[in-house]
2 protein chains.
Amino acid sequence: MAKIYYASRTAPVNIAVNLRTLTTASCSESFTKDELWLNGQSHSLDTPRTQQCLRDLRKYREELEAQDGSLPKLSKMHLHIVSENNFPTAAGLASSAAGFAALISAIAKLYELPQTASDLSKIARKGSGSACRSLFGGYVAWEMGQLENGEDSKAVEVAPLSHWPDMKACILVVSDDKKDVPSTSGMQLTVKTSSLFQHRVEKVVPQRFEEMKKSIRDKNFPLFAELTMKDSNSFHATCLDSYPPIFYLNDTSKRIIKLINLLNESAGEIIAAYTYDAGPNAVIYYEQKNESRVLGLLHAVFNSVDGWQKIDTELLTPPSIELDPTWGRGVSRVILTEVGAGPQDSDEVLVNLETGLPK
Amino acid sequence: MAKIYYASRTAPVNIAVNLRTLTTASCSESFTKDELWLNGQSHSLDTPRTQQCLRDLRKYREELEAQDGSLPKLSKMHLHIVSENNFPTAAGLASSAAGFAALISAIAKLYELPQTASDLSKIARKGSGSACRSLFGGYVAWEMGQLENGEDSKAVEVAPLSHWPDMKACILVVSDDKKDVPSTSGMQLTVKTSSLFQHRVEKVVPQRFEEMKKSIRDKNFPLFAELTMKDSNSFHATCLDSYPPIFYLNDTSKRIIKLINLLNESAGEIIAAYTYDAGPNAVIYYEQKNESRVLGLLHAVFNSVDGWQKIDTELLTPPSIELDPTWGRGVSRVILTEVGAGPQDSDEVLVNLETGLPK
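Since the structure is predicted, the reported quantities are computational estimates derived from the model, not experimental observations.

Rules behind the numbers
- Residues numbered from 1 in each chain as written.
- Chains lettered and ligands numbered in written order.
- Predicted model: local features only at pLDDT ≥ 70, side-chain atom pairs only at ≥ 80, totals over all residues.
- Heavy atoms only, no water.
- Least-squares fit on C-alpha atoms with pLDDT ≥ 70 in both.
- Contact = heavy atoms within 4.5 Å.
- Helix = DSSP H or I, 4+ residues; strand = E, 2+ residues; numbered from the N terminus.
- 1 Å grid on protein atoms, 1.4 Å probe; cavity = no way out; pocket = protein on both sides within 12 Å on 5 of 7 lines; lining within 4 Å.
- Points joined across faces, edges and corners; volume = space filled by probe spheres on them.
- Nonpolar A, V, L, I, M, F, W, Y, C, P; charged D, E, K, R; others polar.
- Salt bridge = Lys/Arg side-chain N within 4 Å of Asp/Glu carboxyl O.
- Buried < 20%, exposed > 50% of the residue type's maximum accessible area, 1.4 Å probe, protein only.
- Buried area = accessible area lost by both parts, 1.4 Å probe.
- Polar contact = N/O pair within 3.5 Å; in protein donor to acceptor, adjacent residues only side chain to side chain.
- Pairing = 2+ DSSP bridges.
- Domains from an automatic or database assignment.

**Looking at the relation of the copies chain B and chain A**
One copy of the chain maps onto the second through a rotation about an axis and a displacement along it. The operation relating chain B to chain A is a screw motion whose rotation component is 179°, with 0.0 Å of axial translation and a residual RMSD of 0.1 Å. What we have between these two chains is a two-fold relation. Of every C-alpha in chain B, the one belonging to Ala237(B) sits nearest the axis of rotation, 2.1 Å from it. Counting the interface residues of chain B, we find that 100% of their copies in chain A are interface residues as well, pointing to one common contact surface.

What follows is the structure in structure tokens.
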């Protein structure tokens, strides 16, 4: 076995600091093909999107090797990638963005690439659209770009983590109804069939994008929250307007939306915001100073599920709203988290350096 | 007690021929105020919208009385209105449209007004927007009109019932979750807060409106069905895009949508269409010639509920789709119906002609 070169990086799932993917990228002249092991299972790297990412990274490495003949020719070697999530994949939390970000980040470190996070985000975007954001920590914007082919679509930092560190999030993992009637779904269907989507992209999002960046720079939580909720509504509206319609929100998701509205109404100000990705799980944002009121309500409704160990629930403010005991149904777990840093170096090595296979 | 003048008319709920409101309108010099009894309960006629309708109808009557001095001065007398639905109001079927249409229609008959159904629809629209359509039978379009104040907004007949008599409908009454978190709702919220609504009104609906009328004139069911489903999706999308969002469709409604998609896919053609009003109940349209296949699936899924007595379910085509026994949950009743005639005269009189009170 020839020498094995390696590097390890972690990347967070969305903003959840305690949910992350750890990836070790390694290469060696002995390896006979590019391979990936994800949570102990062998996966193909042979998809067009992944191959495009690997080609882009190798090209950057080649440029370095051309400038400095003493560098090992890593760009010519096959890659062995080993990746592990520290959370159950069954939770239904989108992990492909974190996975791609950790993969790109680990290979970039292995190749000692000088490219910035924004440059790498362009590569990540080709692998999995939203992965481009996961190259950064703190507050990140994904810019659409001007080019038809999307080559200039990239993520940029709006503000570092230190600018607004007291943004917290509570993820409500919603149990999915596996027995439901199957449905077609996908963003491409929305682009193709929704008559409201084009209006959203051209008129609604650009304005909201600027307001959202301003709300973060100003640390204006009520504005940030309102924009977050409105954009979540608007996204899911265009999904519903697809033909056939796509539904990511279920009755539990809708109940959580109404609960957050009740909470803000009873508080007399906006102290919490919901948002939903392409699935039924809710992410509830709030500021540290309002944690007692926000988690006071959420704990009162969802106290029967796992995930409250991090806080002293005795100290939370009891909700002033009259609750129905059935409102808690449909949520299987809470995850208390906060805005975190982006991909990080790790000393943990997932590749056996004798065999080049997963440990 | 002075002489009581009276007239009775029925109006259907949406297209459901066997669900109707019966209304007797009466007036007398002895009556001391306008009064309404609905399903045995006294209701106020003192809302601005209702008063506007009564003023308009009395104005038309005054014109008649001015032309012919021998006519009794009904326009000067107070009205007693008695109205009854032949279906349970708890079913959650929108009945206010039928109610207003029957009210307008009964008073117009009492007053012997010469105005056309379209003229009367303008009055009904002021009482309850969609009531304007219920003045007609068959296929009806509600034209938005050009005027800012809506005065020229009215219903027109697209085609009479006889043009396309084999249009059938199956209403799936969806049990509502009364224990749900309360929500704000209403069309005015959508108009005010949805950034997609204006685009729907200005760009999406006008084109679809023309295509829909053409599909009816051509008796083109697949086109009619596609437009119906797309417009239902689009309407509910703008509700979801409201702030706070409005949800009329629940998980049962969504399951029915997916079922109809599965049915059409397995048929290889569009033989059924779903549509949803401001509520979770589904109306499924189909043509008589496809009844066996459409009801074959619906009966297989929803056979445990009431409403199938009208047909011989033994003769239905068994569905070719593998069904899950849990898909039937959440539906409480089916109503098999068809496109019917509009308001009709009735010999039934709900007013006691001695006392002027409900019988």
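The discussion continues.
**Some points on the side chain of Ser26(A)**
Within the secondary structure, Ser26(A) is located in strand E2 (residues 16–28). Those residues in contact with Ser26(A) that lie beyond four places of it in its chain are Ile4(A), Tyr5(A), Tyr6(A), Phe31(A), His78(A), Leu79(A), His80(A), Leu110(A) and Val351(A).

**Notes on empty space enclosed by the protein**
For the structure on display, the rule yields 1 cavity of 30 Å³ or more. Looking at the largest cavity, it is lined by 15 residues, and the ones nearest its centre are Leu240(A), Phe247(A), Lys254(A), Leu240(B) and Phe247(B). Per-element tally for the lining of the largest cavity: the top contributor is helix H6 (residues 221–240) of chain B, with 3 residues. Class assignment of the residues belonging to the lining of the largest cavity gives a composition of 11 nonpolar, 2 polar and 2 charged.

**Brief notes about the pattern of salt bridges**
Here the structure, examined in full by the defined rule, presents 34 salt bridges over all chains. Ionic pairing is found between Asp34(B) and Arg58(B), a salt bridge with its closest N-O pair at 2.9 Å. Taken together, the positions of Asp34(B) in the loop between strand E2 (16–28) and strand E3 (35–38) and Arg58(B) in helix H1 (residues 48–67) put the pair 24 residues apart, joining distant regions of the chain. Across the pair Arg200(B) and Asp231(B) runs a salt bridge whose closest N-O atoms are separated by 2.8 Å. Residue Arg200(B) is found in helix H5 (residues 197–217), and its partner Asp231(B) is found in helix H6; the two are separated by 31 residues along the sequence. According to the relative accessible area criterion, Arg200(B) is buried, its value standing at 8%. Because the salt bridges share partners, they merge into one network encompassing Arg9(A), Lys109(A) and Asp345(A).

**Some remarks on the interface of chain B and chain A**
Contacts between the two partners involve 45 residues from chain B and, on the opposite side, 45 residues from chain A. Interface area for chain B against chain A, summed over the two sides, is near 3800 Å², with a carbon-plus-sulfur share of 62%. Across the contact surface, chain B and chain A share 0 salt bridges. Applying the counting criterion to the chain B and chain A interface returns 8 residue pairs in polar contact (both at pLDDT 80 or more). Elements that contribute at least two residues to the side of chain B that touches chain A include exactly H5, H6 and helix H7 (251–267) of chain B. Partitioning the side of chain B that touches chain A into residue classes produces 18 nonpolar, 12 polar and 15 charged.

**Remarks on unusual backbone geometry**
Residues and elements named next belong to chain A. In this structure, the amide linkage connecting Tyr 243 to the following residue, Pro 244, adopts the cis form with an omega of -5°. Relative to the assigned elements, Pro 244 resides in the loop between helix H6 (221–240) and helix H7 (251–267). In this structure, Asn 39 is a non-glycine residue whose phi angle is positive, near 50°. Here Asn 39 lies in the loop between strand E3 (35–38) and strand E4 (41–43). The class of Asn 39 is partly exposed, set by a relative accessible area of 34%.

**Observations concerning the pairing of strand E10 (residues 282–287) of chain A**
Residue and element names in this part refer to chain A. For E10, a buried count of 6 out of 6 residues is recorded, marking the element as mostly surrounded by other parts of the structure. The two faces of E10 match: Ala 282, Ile 284 and Tyr 286 on one face and Val 283, Tyr 285 and Glu 287 on the other face are all buried. In this sheet, E10 lies alongside strand E8 (residues 167–174) in antiparallel orientation, the contact comprising 6 bridges. Directly across from Met 167, in E10, lies its bridge partner Glu 287. Where strand E9 (residues 273–276) and E10 come together, 4 bridges link them in antiparallel fashion. Opposite Tyr 276, over in E10, you have Ala 282 as the bridge partner. Between the antiparallel neighbours E9 and E10 lie 5 residues.

**Examining the domain arrangement of chain A**
According to the domain assignment, chain A contains domain 1 (5–160) and domain 2 (163–338). Here the C-alpha centroids of domain 1 of chain A and domain 2 of chain A sit 28 Å apart.

**Details of the environment of Leu323(B)**
Residues and elements named next belong to chain B. Here Leu 323 lies in the loop between helix H8 (291–302) and strand E11 (331–338). Given a relative accessible area of 27%, Leu 323 falls into the partly exposed group. The spacing of Leu 323 and Val 301 is 22 residues in sequence and 7.4 Å in space, taken between C-alpha atoms. The residues touching Leu 323, leaving out its near neighbours within four places in the chain, are Leu 297, Ala 300 and Val 301.

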